Structures are given as C-alpha cells and as structure tokens.
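The lines below spell out each chain.
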Amino acid sequence: MTASETDTQALRALAALAHHDPSVRLRAALAVGSAPAPGNVGPLTARCAVEPEFSIREMLTWALTRHAASVTVPLLVDEVRAGRGQARSQALHTLSKIGDRRAWPVITPALLADPDDEVARSAWRAAVVLVPEGGEEALAVGLATQLGRGGRETQLSLSRALAALGEAMLPAVDAATRHPDPRVRTHALATERLRRDPDAGFEYAIEEAKRVTALGAGQ
C-alpha cells in the first residue's frame, strides 16, 4: 500500500468518527487507534466531547492512549480547562488512563469541587493517578472537602478515590468523622470502612455508618 493510499484510509477513518451508525464509529475509533499519528489527536479529542455512546467514548480514549503523551496531554489539559461537561469529563478520564504526571497542574481545588458531578468524579479518579509522590495527604484534604456530596454513585466514586490513597487519607477522613453535618460524618465513616474492608460493599458501609452516626447523635 502506498503512502497516499494509507493517508486516504486514515482520512476516511477520521471522517467515519461522526457516522450516524454507532458500529461504524466504533470501528473507525479502533482503526484510528491502530494507526497512531499526531494528526489524529485533535479529531479524537473533539469527538470525545460529543460522542453519545459510552463504549465508543472508551474506544476513543483507548485510541488517544495509543498516541504520544507529548501530543495528547497538552490538548487534553486544554480541554479540561476550556471545554464543557462531557468534554472535560472525558478528557480527565483519558488523562487518568495515560497517567502522565505532567498533567497534574490541571487538578486544582476548584476542579475537585466542580459543580458538575461527572466532571468532579472524573477529576477525583484522575487525581489519585496523577498526584506526585508525597502529595497524597494534601490531595486527601482536598478530596475530603467533598464528603457528603451527591447521591450513591458520586459518594462511592469519592470513597474509592480516597481509599486509593491508602493511609494518606486517614487524617483528613478521620477529621471529617467529627464534622457537624451528619451527611459528611456518615460518608467519612463509610469511606474508612471501605478502606479497611473493600469486600464489604459500599451499601453495607453506608448503612453501618448511618447507625454509628445515629448512635452518636443520641448520646
């Protein structure tokens, strides 16, 4: 196959990322990731921002991880800072898969507290992957400010992120177990339980934490 034919195939695959048929888009993302080239990164990143299918977004992320971090990371960081909703969440998810700590500066306190739950959850997951060595306790303090936030899925995401920091999370989470808000106390206690016994399950940890919080309030 000539270079011209290869370029034509690459252009067709990039164009197919916007095809109306999800199966075509999935195959296109696979094809683009299988033949990485710097020119692919922009179109892949742009498609992540609008792709409605979860499985295809995962394939787009995989395709981005196949490209050089020196090319992908700056574009993804720009997307986190300037994009909207899905674009920011997917960019953070991709950064967590790449794992290049040069992206760490984008993880700001404001990002960890982003009002969009999907963005915040992606930021929490990315943060525990990207945090520089020695920065775990400070990250735990930032994450702990979000204890008590949201519904089950959001709380579980935060607990998992904190638990992934290991013992570095203990001072911040222990302090939160004495927070005046019972919702924060309950979530902190459940997070401690989940770290000690990951197999117990989050629902069990939350119910046990609720009982402990209720007993404490009654004393």
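Our subject is the structure that appears above.
Predicted, not measured: the structure shown is a model, and the values here were computed from it.

Participant: How do you make sense of the packing of helix 8 (residues 117–130) against helix 10 (residues 152–164) when you look at a structure like this?
Facilitator: Two quantities define a packed helix pair, namely the angle between the helix axes and the distance between the axes. It is the contact of helix 8 with helix 10, at a shortest axis distance of 9 Å, that shows an interaxial angle of 15°. When the axis of helix 8 is compared with that of helix 10, the two are roughly parallel. Relative to helix 10, helix 8 is oriented so that their crossing is left-handed. Listed contacts from helix 10 to Asp117, Arg121, Trp124, Arg125 and Val128 of helix 8 are Glu153, Thr154, Ser157, Leu158, Ala161 and Ala164. In the contact of helix 8 with helix 10, the residues fall into 5 nonpolar, 2 polar and 4 charged.

Participant: Honestly, the side chain of arginine 57 in this entry has me stumped. Any pointers?
Facilitator: Tracing the backbone shows arginine 57 in helix 4 (residues 54–65). Nearest to the buried, unbridged arginine 57 among oppositely charged side chains is glutamate 51, at 6.1 Å. In contact with arginine 57, other than residues within four places in its own chain, are Cys48, Glu51, Pro52, Gln86 and Gln90.

Participant: How should I be thinking about the nonpolar core in this particular structure?
Facilitator: Burial of nonpolar side chains together is a common tendency in soluble globular proteins. With 51 residues, the main nonpolar core has Leu92, Leu95, Ile107, Leu112, Leu143, Leu147 and Leu162 as its most contacted residues. It is helix 8 that contributes the most residues to this core, 7 residues altogether. The residues touching leucine 143, leaving out its near neighbours within four places in the chain, are Leu112, Trp124, Val128, Leu158, Ala161, Leu162 and Leu165.

Participant: Mind showing me how you'd approach the pattern of salt bridges here?
Facilitator: Should the charged atoms of two oppositely charged side chains come close, the side chains can pair. Here the structure, examined in full by the defined rule, presents 8 salt bridges. When the shortest N-O distance is used, the salt bridge between aspartate 174 and arginine 178 registers 3.1 Å. Salt bridges here are not isolated pairs; linked through shared partners, they connect Arg25, Arg47 and Glu51.

Participant: Even after reading the chapter, I still don't get empty space enclosed by the protein, so can you show me in this structure?
Facilitator: A water-sized probe, rolled over the atoms, reveals where empty space remains. A complete count under the given rule lists 1 cavity of 30 Å³ or more for this structure. Roughly 40 Å³ of volume is contained in the largest cavity. Thr45, Cys48, Ala49, Leu76, Glu79, Ala87, Gln90, Ala91 and Thr94 are the residues that line the largest cavity. For the lining of the largest cavity, the elements supplying multiple residues, two or more each, are helix 3 (41–48), helix 5 (69–82) and helix 6 (85–98).

Participant: Just checking my understanding: could you explain the environment of alanine 18 for this structure?
Facilitator: By the secondary structure assignment, alanine 18 is in the loop between helix 1 (3–16) and helix 2 (22–34). A residue is classified by how much of its surface remains accessible, and alanine 18, at 54% relative accessible area, is exposed. Along the primary structure alanine 18 and valine 50 are separated by 32 residues, whereas in three dimensions their C-alpha atoms are 9.4 Å apart. Beyond its immediate chain neighbours, meaning those up to four positions away, alanine 18 contacts Arg25 and Arg47.

Participant: What am I meant to see in the packing of helix 6 against helix 8 here?
Facilitator: Where helix 6 meets helix 8, the closest approach of the two axes is 8 Å, and the angle between their N-to-C directions is 20°. Considering their axes alone, helix 6 and helix 8 lie roughly parallel with respect to each other. Helix-helix and strand crossings are classified by hand; for helix 6 and helix 8 the assignment is left-handed. Taking contact as the criterion, the partners of Gly85, Arg88, Ser89, Leu92, His93, Leu95 and Ser96 in helix 6 are, on helix 8, Glu118, Val119, Ser122, Ala123, Arg125, Ala126, Val129 and Leu130. In terms of residue class, the contact of helix 6 with helix 8 is made up of 7 nonpolar, 5 polar and 3 charged.

Cut-offs used in this document
Residues numbered from 1 in each chain as written. Predicted model: local features only at pLDDT ≥ 70, side-chain atom pairs only at ≥ 80, totals over all residues. Heavy atoms only, no water. Axes fitted to C-alpha atoms, helices over the stretch in contact; angles between N-to-C directions. Helix = DSSP H or I, 4+ residues; strand = E, 2+ residues; numbered from the N terminus. Parallel < 35°, antiparallel > 145°, perpendicular 65-115°, else oblique. Left-handed = near helix turned anticlockwise from the far one by under 90°. Contact = heavy atoms within 4.5 Å. Nonpolar A, V, L, I, M, F, W, Y, C, P; charged D, E, K, R; others polar. Buried < 20%, exposed > 50% of the residue type's maximum accessible area, 1.4 Å probe, protein only. Lys, Arg positive; Asp, Glu negative; His and termini not counted. Salt bridge = Lys/Arg side-chain N within 4 Å of Asp/Glu carboxyl O. Core = buried A, V, L, I, M, F, W, Y, C linked by side-chain atoms within 4.5 Å. 1 Å grid on protein atoms, 1.4 Å probe; cavity = no way out; pocket = protein on both sides within 12 Å on 5 of 7 lines; lining within 4 Å. Points joined across faces, edges and corners; volume = space filled by probe spheres on them.

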